[in-house]
Amino acid sequence: MKNVKRNRLIMAAGVLVLIVLSTTAFKTNDYTEQLGVEYRGHVQNKGDFPKPQGSYIPGPEALGTRGEGLRIEGLWINLTGDVPKNAGITYQVHVQNEGWMTPVTTNEFAGTEGLGQRIESIKIDLVNLPDYDVYYRGHVQDKGNIPVVNANQWGWVKNGDELGTTGSSLRLEEIQIKIVKKNDDGVVFDQPGVYDHKTGHEKIQGNAMVKSKDVILQNVSIDGDLIIDKAVGEGDVTLDNVTVSGETHIRGGGHDSIHLNGGSYNKFTIEKTANNIGIEANAVNDLEILISEDANDKSFAFEGAFKLITVEAAKATVNIKDNTTVETILVNKNASDCKMYLSHNAEINQAVLNANAVITGEGNIINAEIKADDIILVKEPQNMSVDPNIKEPQIDPDYGSSAPETKETIIKLTSTAEASIVFTIYDLVNGRDQVSIPSLTINDFELKKDNIFNKDTVNDLVLVKVDANTYMIRYTKWINSFEPGRYNLNFNKEGYAKKSVDFEIARFDFKYVLKSMLNQIMYVPVSKDGSDISINDRWTTQEAKTAMEEAEQTAKNVLADGNVSEDTVMETTTATQTAINNYNNAKQKGLKGLSDKEKVANDVLFLQMNHYFIPIEYKTSMETRISYLQQRIDQLIQENINGIDTYNGSNVLVGFDENFGYFIKVTYGSYTSELKNITVKEEY
């Protein structure tokens, strides 16, 4: 490393002392004020920034410029809040003509001054703060926002990862930094249900953990890691348009139970699990999966499109399902005895085999790199290279069984009641292996009811997937119910063995449903405005609580009435469910513990995540443009508040400056922040 010492240069080599701060790890519960970060820099043509001298920008606000072609030449980074005695932050920069410079620590200068040399890349890490992560991102010459987790999302790097470029002569123009508490589990989803903006989960600062089956996350942005815990068992978890800035860890789920629909992910790792894991990916760009060495001797199924699947687990069985594409599959050296089955129309563009493996099935490998002995292929790849001193792979179409020898469809009824019919269904292969049947619809089944002289087909049904191999049939409307009597369920899907089962539906206890519904009620404290409720808790109004209590008491009265009619029980059940939904929607996040500065920072983050667009009819003047933007932002804020999200109620003012374009001025109490250079698109 180079340590240049010119003008006011820079990094005090002695700083390697890092005061570094003894090896005693600090426990975060020894202090109360939230840990944060602030920074200032030396910017081309602007000098030390921000002004006045000695002031700092609070994280995660931006340091630097956009659209002006100005380089960041140096910076100071400091921790805020109750910082433990032996804790700190370290950072190292890659500078034009100097390369990687000596690391420095808390509030020391990194970079150069007076030399006209750009910072090109940076690494930032925390010292003796095991319960926190440092996240950072930037804006780089010719590349724009980095890192980009997909075509549209601006992500983050963290904890010593490199941000920027080396060897490309590109300047770092802007940087944002934030400290996020790991809090281990973070936000925990331990009850089945749908979680989105209506439940206050559109933006999660920190980690999130799923600890229940049948959890659906919709349009959720997670700044930390996502963990699917072993408590999920073999149940389903569905991620609809979820963005995870950190890492995704799979520790639970079943053979076909992790469903990804859109969204974006960074590192996606299957860890030690008690179950076989299946991942279904639809419209997820550049998805990369790692089967870690802790997940040895398990089966893994993949359906959809994948950029990279890396196998590190020994004795792993990998099933690439029908019509699935994998850009690259990498079997590492420690992944010995790997078995891979390529289903019909499955395709791997490149297979790199560094350990012995057996690959069977009807699917295709376009390019194969053979880097280990004892590899058996049922189907020869279109192109194949074999490393020197490695035995040629055995090409044997008759090896084992590229298609299952025997298949039997198994249907087991688990619940037959007036509200629904629940059953498990799977293929039993070779009399021992349970294989899920993909893409089932209600059209694959026929339900008939026995009458005196014939069997009548039951119509207007829907099929609902409960977990990996479990499904439920019910009417299209919940208010309809199956009549008591004898039924026959027929399965008839092309390519699978037909199956028919008979069963009987007895009368249903509607009071049981109502009683179970009351157990769903979870009361929260009452508050006037949430200022006395912790930011980690939720609250509601007295009016909302009273309405819920009245509905609960009505339901209890119905349950206690021994002579109540079935119609009354059903009506009360519907009314109670509506009351529970209204009460849950009225819950809001607490505000206690946030300073004016923190409230503004949170609200600025919300405004940064929105895109602004001016219709052509509002382009008559700058005044009409500003007026429209002000109305649109006010509308977004109100929608956010109505959605029970995290907006704190800052006052927002839109303006325009000839030097840096549109800006938003955000004020709460005594603190004000300006969001400059916001992107505003205009219709033409």
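Bear in mind the structure is a predicted one, so any value in this text is a computation, not a measurement. (Residues numbered from 1 in each chain as written. Predicted model: local features only at pLDDT ≥ 70, side-chain atom pairs only at ≥ 80, totals over all residues. Heavy atoms only, no water.)

Caption draft 1: Region of the structure containing the side chain of Gln96. With respect to the helices, strands and loops of the structure, Gln96 is situated in the loop between β6 (88-95) and β7 (99-100). Taking the relative accessible area as the measure of exposure, Gln96 reaches 18% and is therefore buried. Sequence-distant contacts of Gln96, that is, excluding residues within four places in its chain, are made with Gly116, Gln117, Arg118 and Glu120. (Helix = DSSP H or I, 4+ residues; strand = E, 2+ residues; numbered from the N terminus. Buried < 20%, exposed > 50% of the residue type's maximum accessible area, 1.4 Å probe, protein only. Contact = heavy atoms within 4.5 Å.)

Caption draft 2: Layout of the nonpolar core. The biggest cluster of nonpolar side chains holds 59 residues, and the ones touching the most others in it are Leu260, Ile270, Ile279, Ile291, Phe302 and Ile309. Among the elements that make up this core, the one with the highest residue count is strand β30 (residues 299-311) (five residues). Setting aside its immediate chain neighbours within four residues, Ile291 contacts Ile270, Phe300, Phe302, Ile309, Thr310, Val311, Glu312, Ala313 and Val318. (Core = buried A, V, L, I, M, F, W, Y, C linked by side-chain atoms within 4.5 Å.)

Caption draft 3: Examining the side chain of Lys587 more closely. Relative to the elements of secondary structure, Lys587 occurs in the loop between α3 (566-585) and β50 (588-589). Despite its burial, Lys587 pairs with no opposite charge; the closest candidate is Asp190, at 11 Å N-O. Within polar-contact distance, the side chain of Lys587 engages the side chain of Asn584 at 3.1 Å. (Lys, Arg positive; Asp, Glu negative; His and termini not counted. Salt bridge = Lys/Arg side-chain N within 4 Å of Asp/Glu carboxyl O. Polar contact = N/O pair within 3.5 Å; in protein donor to acceptor, adjacent residues only side chain to side chain.)

Caption draft 4: Geometry of the packing of helix α2 (residues 542-560) against α3. In contact at an axis separation of 10 Å, α2 and α3 are set at 160° when each is read in the N-to-C sense. It follows that α2 is roughly antiparallel to α3 by the angle criterion. α3 is crossed by α2, and the crossing has left-handed handedness. Between α2 and α3, the contacting residues are Ala544, Lys545, Met548, Ala551, Ala555 and Val558 on the first element and Thr568, Val569, Thr572, Thr576, Ala579, Ile580 and Tyr583 on the second. When grouped by side-chain class, the residues that make up the contact of α2 with α3 number nine nonpolar, three polar and one charged. (Axes fitted to C-alpha atoms, helices over the stretch in contact; angles between N-to-C directions. Parallel < 35°, antiparallel > 145°, perpendicular 65-115°, else oblique. Left-handed = near helix turned anticlockwise from the far one by under 90°. Nonpolar A, V, L, I, M, F, W, Y, C, P; charged D, E, K, R; others polar.)

Caption draft 5: Just the confidence of the model for the protein, in detail. The predicted model of the protein averages 83 in pLDDT, with 89% of residues at 70 or higher. Taken as a whole, residues 1-32 scores under 50 in pLDDT and shows 75 contacts with residues more than four places along the chain or in a different chain. (pLDDT = per-residue confidence, 0-100.)

Caption draft 6: Focus on the pairing of strand β31 (residues 317-320). As paired elements, β30 and β31 share four bridges and run parallel to each other. Bridge pairing in β31 places Ser299 opposite Thr317. (Pairing = 2+ DSSP bridges.)

Caption draft 7: Here's a closer look at the sheet that holds strand β48 (residues 499-505). Taken in spatial order, the four strands make up an open sheet running β44-β43-β47-β48, and their pairing is antiparallel. Pairing within the sheet leaves two strands with one partner each, and these edge strands are β44 (455-457) and β48. Across the sheet, the mean angle from the axis of one strand to that of its neighbour is 30°, orientation sign disregarded. Of the strand pairs in this sheet, strand β43 (residues 445-450) and β44 are connected by three bridges, and their pairing is antiparallel. Among the inter-strand pairings, Lys449 is bridged to a residue of β44, identified as Asp456.

Caption draft 8: Broad picture of empty space enclosed by the protein. Inspection of the entire model under this criterion finds one cavity of 30 Å³ or more. As a volume, the largest cavity reaches approximately 50 Å³. Contributing to the lining of the largest cavity are Leu342, Ile359, Thr360, Gly361, Gly363, Ile365, Val378 and Lys379. Take the lining of the largest cavity: its biggest share by element is three residues, from strand β35 (residues 357-361). In terms of residue class, the lining of the largest cavity is made up of four nonpolar, three polar and one charged. (1 Å grid on protein atoms, 1.4 Å probe; cavity = no way out; pocket = protein on both sides within 12 Å on 5 of 7 lines; lining within 4 Å. Points joined across faces, edges and corners; volume = space filled by probe spheres on them.)

Caption draft 9: Structural detail: the pattern of salt bridges. Scanning the model with the defined rule gives 19 salt bridges in all. As a salt-bridge pair, Glu68 and Lys46 come within 3.9 Å of each other at their nearest N and O atoms. Taken together, the positions of Glu68 in the loop between β4 (63-64) and β5 (72-80) and Lys46 in the loop between β1 (36-43) and β2 (47-49) put the pair 22 residues apart, joining distant regions of the chain. Given a relative accessible area of 37%, Glu68 falls into the partly exposed group. One salt bridge connects Glu120 with Arg118, and the closest N-O pair in it is separated by 2.8 Å. Among the residues examined, Glu120 registers a relative accessible area of 5% and is labelled buried.

Caption draft 10: Quick look at the environment of Lys321. Position of Lys321 among the secondary structure elements: in the loop between β31 and β32 (325-331). A C-alpha to C-alpha distance of 9.6 Å links Lys321 and Glu280, two positions 41 residues apart in sequence.

Caption draft 11: Local environment of the packing of helix α1 (residues 510-518) against α2. Across the interface, α1 lies against α2 with an axial gap of 10 Å and an inter-helix angle of 150°. Judged by the twist between their axes, the crossing of α1 over α2 is left-handed. On α2, the residues that touch Lys511, Leu514, Lys515 and Leu518 of α1 are Glu552, Ala555, Lys556, Val558 and Leu559. Taken together, the residues that form the contact of α1 with α2 break down as five nonpolar, no polar and four charged.

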